[in-house]
Amino acid sequence: MMHEAKSIEEQGRSNELAQGRVGMKPGLGENLAEGSAEHRDNGNGDGNGNGHTGLGQATGKALAFVSEFFSGDTDPFDTVEWDLRTASIKDESGGVLFEQVDCEIPVDWSALATNVVVSKYFYGEPGTNERETSVRQLIQRVTRTIADWGKADGYFASEEDGERFYGELAWLCLHQYGAFNSPVWFNVGLYHQYGVGGSRGNYRFDTETKSIRRPETSYEYPQASACFIQSVEDNMEDIMRLATSEAMLFKFGSGTGTDLSTIRSSREKLSGGGTPSGPLSFMRVYDQIAAVVKSGGKTRRAAKMQSLKVWHPDVLEFIECKYKEEQKAHVLIEKGGYDANFNGEAYSSILFQNANLSVRVTDDYMNAVENGQPWATRWVTESNQQEEAPVYDAFELMMRMAECAWQCGDPGVQYDTTINRWHTCPNSGRINASNPCSEYMFLDNTACNLASINLMKFRQEDGTFDVERFQAACRVFFIAQEILVDHASYPTAPIAANSHRFRPLGLGYSNLGSLVMSSGVAYNSDAARGLCGS
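Rules used in this analysis
Residues numbered from 1 in each chain as written. Predicted model: local features only at pLDDT ≥ 70, side-chain atom pairs only at ≥ 80, totals over all residues. Heavy atoms only, no water. Helix = DSSP H or I, 4+ residues; strand = E, 2+ residues; numbered from the N terminus. Buried < 20%, exposed > 50% of the residue type's maximum accessible area, 1.4 Å probe, protein only. Contact = heavy atoms within 4.5 Å. Patch = residues over 30% accessible without salt bridge, like charges linked within 9 Å, V, L, I, M, F, W, Y side chains within 5 Å. Areas by Shrake-Rupley, 256 points an atom, 1.4 Å probe, with all protein chains shown as cover. Salt bridge = Lys/Arg side-chain N within 4 Å of Asp/Glu carboxyl O. Pairing = 2+ DSSP bridges. Axes fitted to C-alpha atoms, helices over the stretch in contact; angles between N-to-C directions. Parallel < 35°, antiparallel > 145°, perpendicular 65-115°, else oblique. Left-handed = near helix turned anticlockwise from the far one by under 90°. Nonpolar A, V, L, I, M, F, W, Y, C, P; charged D, E, K, R; others polar. Expected span 1.5 Å × (residues − 1). Polar contact = N/O pair within 3.5 Å; in protein donor to acceptor, adjacent residues only side chain to side chain. Disulfide = S-S within 2.5 Å. Core = buried A, V, L, I, M, F, W, Y, C linked by side-chain atoms within 4.5 Å. pLDDT = per-residue confidence, 0-100. Phe/Tyr/Trp six-rings, centres within 6.5 Å; stacked < 30°, edge-to-face > 60°. Lys NZ or Arg CZ within 6 Å of the ring centre and 35° of its normal.

Residues and numbers for the overall build of the protein, please.
Scanning the protein for helices and strands turns up 17 helices and 17 strands. Counting only residues that meet the buried cut, the protein has 51% of its 534 residues in that class. Counted over contacts in the protein with a minimum sequence separation of 6, partners at least 24 positions apart contribute 69%.

Given below as structure tokens:
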């Protein structure tokens, strides 16, 4: 299949490369150390079209697998009992929002799990032959594809090791020991198992040519990461470029965060005369795009985070913007008789409802709050500014954040100084933003693939925690996430390059609260925090 290819020197914006924001130096990887993946054969003498003809670069040897969860004597899908169910989701008045009958579901799965998986993750138009009807199909589509990629890339010491990996991964997903982030379930395997092509794809890093390529189809290299951080520059071209890349992220089920402090204040002057629109004006555009483009083509809302640094001249307007829109909704509901449902017409007619908002505060600012000092903002651009930037009472500004958050939940705060003090890659650039949920904080123009391990599955009957099986499950999921990195696509060339270079992966856990409480430990206690920390 033909691809459009760009060399690292050609792709992206030149100033991003110069500033290290792409995270890939020109020509990186052209002279890989002897013994790397591109210079070793996997023992079978076969390549795979993705440049991995040998073994993993990090370890220098392929992976052997001993089955911990699935014996391999039978099909992993024969290890559960199956049930035919109806998945149904209703609104507050009992009206049916979604329904699918005769869905094949493991007997031990809850009704909630059934409704979520069938409505969100089953592929195909409901009522058609292409529609998935079984959890068996969903898990097989994803895990078979990842295992096949891993075998082709030389991750495993033998064909048998690769098949053991597949059995372990499928068993863990089937028995609810762990789960991938939504874009994996939305997108992975559609091309490789069902032949779904779609429109032209986003960007991927080709490890063979060391270049960024755009596949001809969307799902050959599917979007697999849930969390993205993107930058924006203070010019109209880049501001609109961000709008496009956000829309593509939402289309395939992901969320994104951007710090808007690079956009000059509405109080500043333009070099050609006049005043700029300011970040809040462009937030209106981004908000409406998020409202229109549903996440993954489903009913799920798009996920967005927008932040502004506390030194920005428009910080007060940013703090108050969502609260002021909330007041409009209250008037429409109380005076106009509109439905108070969040998905109703009152809330759909106001702005800033499709993003989380956070103020990036610094140690200097927090010290000013404690000491009752004034807080001076500064212009984004220093030239042609005839007036001083606004000065606020630091404490009053913090109180305004608290009041607005109490009213509508936003803005939150992110501790910019602490975040960058704990930065693991400080020489590659500072951390300016987070993903929508704020568990992923890293460089601009990066993505993170997420998965979660269900802690309650490792609690034994005597109340102890099975550390060895927990470690084994983490190993399986972490390898699966690593395989996904270079088989996924990304909305921009810089993100594709950075994903290959930094390979950000996030393996978290779920059901921590259940584990704490079932162990008889008080939730807010040193013992609970100790359990979490261990």
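Quick one: what's the story with a nonpolar patch on the surface, residue by residue and with numbers?
Together, Met-236, Met-240 and Val-285 line one region of the surface with nonpolar side chains, adding up to about 240 Å² of accessible area. Looking at the element boundaries, Val-285 is found in helix H8 (residues 279-292).

Go over the pairing of strand E6 (residues 211-214), please, and point to the residues and values.
In the sheet, strand E5 (residues 204-206) pairs with E6 via 3 bridges, with the strands oriented antiparallel. Each bridged residue has a counterpart across the sheet, and for Asp-206 the counterpart in E6 is Ser-211. Linking E5 back to E6 in an antiparallel pair, the connection comprises 4 residues, with Lys-210 at a positive phi of about 55°.

Before we move on, can you summarise the packing of helix H7 (residues 236-251) against H8 with the specific residues and values?
The geometry of H7 relative to H8 is characterised by a closest axis approach of 10 Å and an angle of 20° between their N-to-C directions. It follows from the interaxial angle that H7 and H8 lie roughly parallel. Between H7 and H8 lies a crossing whose hand is right-handed. In contact with Met-236, Ile-239, Met-240, Leu-242, Ala-243, Glu-246, Ala-247 and Phe-250 of H7, H8 contributes Phe-282, Tyr-286, Ile-289 and Ala-290. Within the contact of H7 with H8, the residues separate by chemical class into 11 nonpolar, no polar and 1 charged.

Tell me about the packing of helix H3 (residues 135-152) against helix H14 (residues 467-485), residues and numbers included.
Their axes nearest at 9 Å, the elements H3 and H14 cross at an angle of 70°. Classified by the interaxial angle, the pair formed by H3 and H14 is roughly perpendicular. Of H14, the residues touching H3 (which contributes Ile-146, Trp-149 and Gly-150) are Ala-480, Ile-483 and Leu-484. Partitioning the contact of H3 with H14 into residue classes produces 5 nonpolar, 1 polar and no charged.

Give a description of the pattern of salt bridges that names residues and reports values.
Here the structure, examined in full by the defined rule, presents 30 salt bridges. Here Asp-206 makes a salt bridge to Arg-204, at a shortest N to O gap of 2.9 Å. For the pair Asp-206 and Arg-204, a shared accessibility class is recorded, and that class is buried. Residues Arg-529 and Asp-526 are paired through a salt bridge, measuring 3.0 Å at the closest nitrogen-oxygen approach. With Arg-529 and Asp-526 both in helix H17 (residues 526-533) and 3 residues apart, the pair spans about one turn of that helix.

Outline the environment of Phe-318, supporting the account with residue identities and numerical values.
Take Phe-318: it is sitting in helix H9 (residues 315-334). The exposure class of Phe-318 is buried, given its relative accessible area of 0%. Put simply, Phe-318 and Met-283 are 35 residues apart on the chain and 9.8 Å apart in space, counted from C-alpha to C-alpha. With near-sequence residues (within four places) excluded, Phe-318 lies in contact with Leu-280, Met-283, Gln-306, Ser-307, Leu-308, Leu-357, Ser-358 and Val-359.

Pulling in residues and values, what's your account of helix H2 (residues 111-121)?
Among the residues making up H2, those that are buried are Ala-113, Thr-114, Asn-115, Val-117, Val-118, Ser-119 and Tyr-121. Along its buried surface, H2 packs onto strand E2 (82-90), strand E3 (96-106), H3 and helix H5 (182-187).

Can you lay out H3 for me, pointing to particular residues and giving the numbers?
End to end, H3 covers 26 Å across 18 residues, agreeing with the expected 26 Å (1.5 Å per residue, within 8%). You can read the cap of H3 off the contacts: a side-chain oxygen lies 2.9 Å from the backbone nitrogen of Arg-136, and it is on Ser-134. Count one or two residues on from H3 and you reach Gly-154, which has phi positive near 80°.

With reference to specific residues and values, describe the state of the cysteines.
What the rule picks out here adds up to 0 disulfides. No disulfide involves Cys-448; its nearest neighbouring cysteine sulfur is the one of Cys-227, lying 6.1 Å away. Residue class for Cys-448 comes out buried when judged on its relative accessible area of 3%.

I'd love a proper account of the nonpolar core, names of residues and values included.
The biggest cluster of nonpolar side chains holds 67 residues, and the ones touching the most others in it are Ile-146, Phe-165, Leu-169 and Phe-180. If you list the elements that add at least two residues to this core, you get E3, H2, H3, helix H4 (159-174), H5, strand E16 (446-454), H14 and helix H15 (493-502). Setting aside residues up to four positions removed in sequence, Phe-165 forms contacts with Phe-65, Ile-146, Ala-147, Phe-156, Val-476, Ile-479, Ala-480 and Ile-483.

Would you mind going over unusual backbone geometry in detail, with residue names and values included?
Note: most peptide bonds trans; most residues except glycine with negative phi. Residue Pro-411 follows Asp-410 across a cis peptide bond; omega there is 5°. With respect to the element layout, Pro-411 can be found in the loop between helix H12 (394-408) and strand E13 (412-415). In this structure, Phe-352 is a non-glycine residue whose phi angle is positive, near 65°. Within the secondary structure layout, Phe-352 lies in the loop between helix H10 (345-348) and strand E10 (356-361).

Give a detailed account of the confidence of the model for the protein, specifying residues and quantitative values.
Do not read the fine detail of predicted coordinates wherever pLDDT is low. Model confidence for the protein is summarised by a mean pLDDT of 86, while 87% of its residues fall at 70 or above. A low-confidence stretch, residues 1-59 (pLDDT under 50), is modelled with 134 contacts involving residues beyond four sequence positions or located in other chains.

With reference to specific residues and values, describe the packing of aromatic side chains.
Overall, the coordinates contain 18 aromatic pairs when judged by the stated rule. Taken together, a centroid distance of 5.4 Å and an interplanar angle of 65° make the contact between Phe-65 and Phe-165 edge-to-face. Taken as a pair, Phe-65 in the loop between helix H1 (14-19) and E2 and Phe-165 in helix H4 lie far apart in primary sequence, 100 residues in all. The two residues Phe-65 and Phe-165 agree in class, both being buried. Aromatic side chains Tyr-365 and Trp-375 sit 5.3 Å apart centroid to centroid with 80° between the ring planes, which places their arrangement in the edge-to-face category. Here the residue Tyr-365 occupies a position in helix H11 (residues 363-370), and Trp-375 occupies one in strand E11 (residues 374-376), the gap between them amounting to 10 residues. There is no split in this pair, since Tyr-365 and Trp-375 are both buried. The ring of Tyr-166 is capped by Arg-144, whose NZ or CZ atom sits 4.1 Å from the centre of that ring. Its end group placed over the ring of Tyr-221, Arg-204 keeps NZ or CZ at 3.8 Å from the ring centre.

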